[in-house]
Amino acid sequence: MVAKPLKPNSPSSLFESKQPHGTGRIGSRRQDSNIKAVTSGDTPYTSASTFEELNLSPELLKGVYVEMKFEKPSKIQAISLPMILNPPFKDLIAQAHNGSGKTTCFTLGMLSRVDPKLKAPQAFCICPTRELAIQNLEVLRKMGKYTGITSECGVPMDHIPIHQRPPIMAQVVIGTLGTIKSWMSTKKLGVSFLKILVFDEADHMLAEDGFKGESLYIMENIKKISSHCQVLLFSATFNDVVKNFTSMVVNDDHNQLFIKKEELSLESVKQYKVNVPDEFAKVMVVKDRIFEFGERVGQTIIFVRTRNSATMLHRSLADLGYDCTTIQGALRQEDRDKIVKEFKDGLTQVLISTDLLARGFDQQQVNLVINYDLPVKHDNRTAPDCEVYLHRIGRAGRFGCKGAVFNLLCGETDNMIMSKIESHFGTKVTEVPDWRSEDDFKAALRSAGLL
Ligand code: AMP
C-alpha cells in the first residue's frame, strides 16, 4: 500500500478530504490550521501545483493556457483534479467555495476522459438551469478548442420536437435534467460509452425539494448500462441531509472533499445589512445608492424572492426613469438567453433576478449583490435558506475579486432571518447605520475595497 501526503504547500487549510471506506489514511496536520490532508485508500494522490503535473494532452494544455489564460491550478483544482484524472477514476463528492474554479475541475475531467477517436457520447454534465448549462458548455468549448472533442447543449428548445431530433452523436453533452432525461428515455441519447457523469450544483440536484427523483432516474439508468461510469458531484454547499444522501448514490469507494460551513463565506466579499422602514425605502436605496455607486464599482445583481416581486421592482425603477433588465423563469427561453448575453457582454449594468441565477452564474464584473428580499425556504417564509444565501453572495467576488453584499431588511421578521443566517455561518454582518446616508454607503463600499 502506498500513501503519499498531499504536498504541504498546496492544499487549503479549509479542505477536509477523506475516503470513507478507505484503509490507507494518513493525516497530516499543520500546527496553524485544522488541515486534514488525507490520501485515499490504496491510491496515492499528489496535489498538483502546475497544470503540467496533471498529464493533460498538449491540446488541452493549450486550451487552458491560451484560451482560458490560466497560469496555475486553484486550490480546489490542485486537490481534486488528481483524484478525478487518475485511475481507478473513483467517484468524487467535492465542495468548493463559490467562484473558486470548480467548473474547471469537472470540465478538465470530462475533456481528459473522452477518447477523441470514439465518436459517441462519453461525458454528461447535468445542471439545474439552462443558463448554467449554456455557461458550462461555453467553458468546455473554449477549454477544449484544440482537442477536436464535440459537444452539444441539452436544454429545452421550444421549436424542436424530440422525435424530430437525430440521435445525439456529440462526445460531451451538457444540459438540464429534464432535457437529458427526455433524450435518454426516448433513446435519442445513448449511454453505452459513458465514462463520466457530472452533477453541477449537486446538492440541489439531489435535494428532496430539488430534482432528486429525476437525478436518481438518470444515475440508475446509466449505472445499469455503464457500471464503471465515474460520478462527480460538485457544489459550494452540501447540507447534512444531502451530504448523507450523496454518499449513498456514489460508489462506496469514493473520495470526498468538504468544507466546514463556518469557513464557506468568501473573505473577499463584505456583507452588510441595511434596515429600511418600508418597501418604498427599499426602492429608494436601489435607486439612490445602487444605481448611483453601482456603475462605478462594476455590475450589480439584485435578488428578489418571486417573479411578481421582480416585476414590481422593475416597474417601480422604470417609473422613476431607471433602466435595468430582469430575468425570471416565466420569460420565454429566447428572452432569458438574450438578457443573460447582454449582461455578460456588459451592455446592461443592473440585473434583477429571482433565484434562477443564484447558483453558478459566473461574471467577474459583478461586484455588488443586493438581497432585495432575503432568501427563505419555499414552504416556510420565516426560515432562511442559508444555502441559497451563500450562492447568491457568491455571484460577487469571483475568483478572489472584491465584492459587497447589501441585505435590505424591512421589519422584525427580516432581522430574525438575517440573524439566523449570521449564526449559521458564524459571521457578523455589518450594519449600514442609516439607509438615507450617502456617506454610510460610500464608507461601506470603501471598506469592501470597491471605492
Ligand atoms: P468557477 O468557480 O468555476 O465558476 O470559476 C470562477 C472564475 O474563476 C471563472 O471566471 C474562471 O474562469 C476563473 N478561474 C477558474 N480557475 C482558474 C485558474 N486556475 N486561474 C485563473 N482563473 C480561474
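Since the model is a prediction, treat every value here as computed from it, not as a measurement.

What counts, and at which threshold
Residues numbered from 1 in each chain as written. Predicted model: local features only at pLDDT ≥ 70, side-chain atom pairs only at ≥ 80, totals over all residues. Heavy atoms only, no water. Helix = DSSP H or I, 4+ residues; strand = E, 2+ residues; numbered from the N terminus. Rg over C-alpha atoms; globule rule 2.2 N^0.38 Å. Buried < 20%, exposed > 50% of the residue type's maximum accessible area, 1.4 Å probe, protein only. Contact = heavy atoms within 4.5 Å. Domains from an automatic or database assignment. Buried area = accessible area lost by both parts, 1.4 Å probe. Salt bridge = Lys/Arg side-chain N within 4 Å of Asp/Glu carboxyl O. Nonpolar A, V, L, I, M, F, W, Y, C, P; charged D, E, K, R; others polar. Near = heavy atom within 4 Å. Polar contact = N/O pair within 3.5 Å; in protein donor to acceptor, adjacent residues only side chain to side chain. Areas by Shrake-Rupley, 256 points an atom, 1.4 Å probe, with all protein chains shown as cover. UniProt positions renumbered as here; feature names shortened; annotations may be inferred.

**So, the overall build of the chain**
Phase 1 of the analysis: Counting its regular elements, the chain contains 14 helices and 17 strands.
Phase 2 of the analysis: A compact globule built from 451 residues would reach a C-alpha radius of gyration of about 22 Å, and the chain, at 22 Å, matches this within 12%.
Phase 3 of the analysis: Projected onto its principal axes, the C-alpha positions of the chain cover 65 × 60 × 45 Å.
Phase 4 of the analysis: Buried positions account for 56% of the 451 residues belonging to the chain.
Phase 5 of the analysis: Of the contacts made within the chain by residues no fewer than 6 positions apart, 75% connect residues no fewer than 24 positions apart.

**Observations regarding the domain arrangement of the chain**
Phase 1 of the analysis: Taken domain by domain, the chain consists of domain 1 (11-261) and domain 2 (269-447).
Phase 2 of the analysis: Distance from the C-alpha centre of domain 1 to the C-alpha centre of domain 2: 29 Å.
Phase 3 of the analysis: Counting from both sides, the interface comprises 23 residues of domain 1 and, opposite them, 22 residues of domain 2.
Phase 4 of the analysis: Here domain 1 and domain 2 share an interface that buries about 1900 Å² over both sides, 47% of which is from carbon and sulfur atoms.
Phase 5 of the analysis: Considering only the surface of domain 1 that becomes buried against domain 2, N98, E131 and K261 emerge as the three largest contributors, covering 30% of it.
Phase 6 of the analysis: There are four salt bridges connecting domain 1 and domain 2.
Phase 7 of the analysis: In this structure, the salt-bridge partner of E201 is R359, at a minimum N-O distance of 2.8 Å.
Phase 8 of the analysis: Every element with two or more residues in the side of domain 1 that touches domain 2 is listed here: α4 (130-143) and α6 (202-205).
Phase 9 of the analysis: Looking at the side of domain 1 that touches domain 2 element by element, the count peaks at five residues for α4.
Phase 10 of the analysis: Its residues assigned to classes, the side of domain 1 that touches domain 2 shows five nonpolar, 12 polar and six charged.

**Quick look at the site of the ligand**
Phase 1 of the analysis: The local shell around the ligand holds 15 residues, among which Q77, G101, T103, D362 and R398 are the closest.
Phase 2 of the analysis: Residue K102 places a main-chain N or O atom 3.2 Å away from an oxygen atom belonging to the ligand.
Phase 3 of the analysis: Contact distances for the ligand include 2.7 Å between an oxygen atom and a side-chain N or O atom of R398.
Phase 4 of the analysis: Computed on the free molecule, the ligand has an accessible area of 490 Å², of which 86% lies beneath the protein chains in the complex.
Phase 5 of the analysis: By residue number, the principal contributor to the shell around the ligand is helix α3 (residues 102-113), which donates three residues.

**So, the UniProt feature "short sequence motif: Q motif" (unreviewed entry) in the chain**
Phase 1 of the analysis: If you check UniProt for "short sequence motif: Q motif" (unreviewed entry), the listed places come out as residues 49-78 in our numbering.
Phase 2 of the analysis: The straight-line gap between the two end C-alpha atoms of residues 49-78 is 6 Å; of that span, 47% is helix and 0% is strand.

**Some details on the pattern of salt bridges**
Phase 1 of the analysis: Taken as a whole and judged by the stated rule, the model has 23 salt bridges.
Phase 2 of the analysis: One salt bridge connects K102 with D200, and the closest N-O pair in it is separated by 2.9 Å. Of the two residues, K102 sits in helix α3 while D200 sits in strand β6 (residues 196-200), which places them 98 residues apart along the sequence. There is no split in this pair, since K102 and D200 are both buried.
Phase 3 of the analysis: Between R359 and D203 there is a salt bridge whose closest N-O contact spans 2.8 Å. Of this pair, R359 sits in the loop between β12 (350-353) and β13 (366-371) while D203 sits in helix α6, and the two are 156 residues apart along the sequence.
Phase 4 of the analysis: Accessibility expressed as a relative area gives 13% for R359, which makes it buried.

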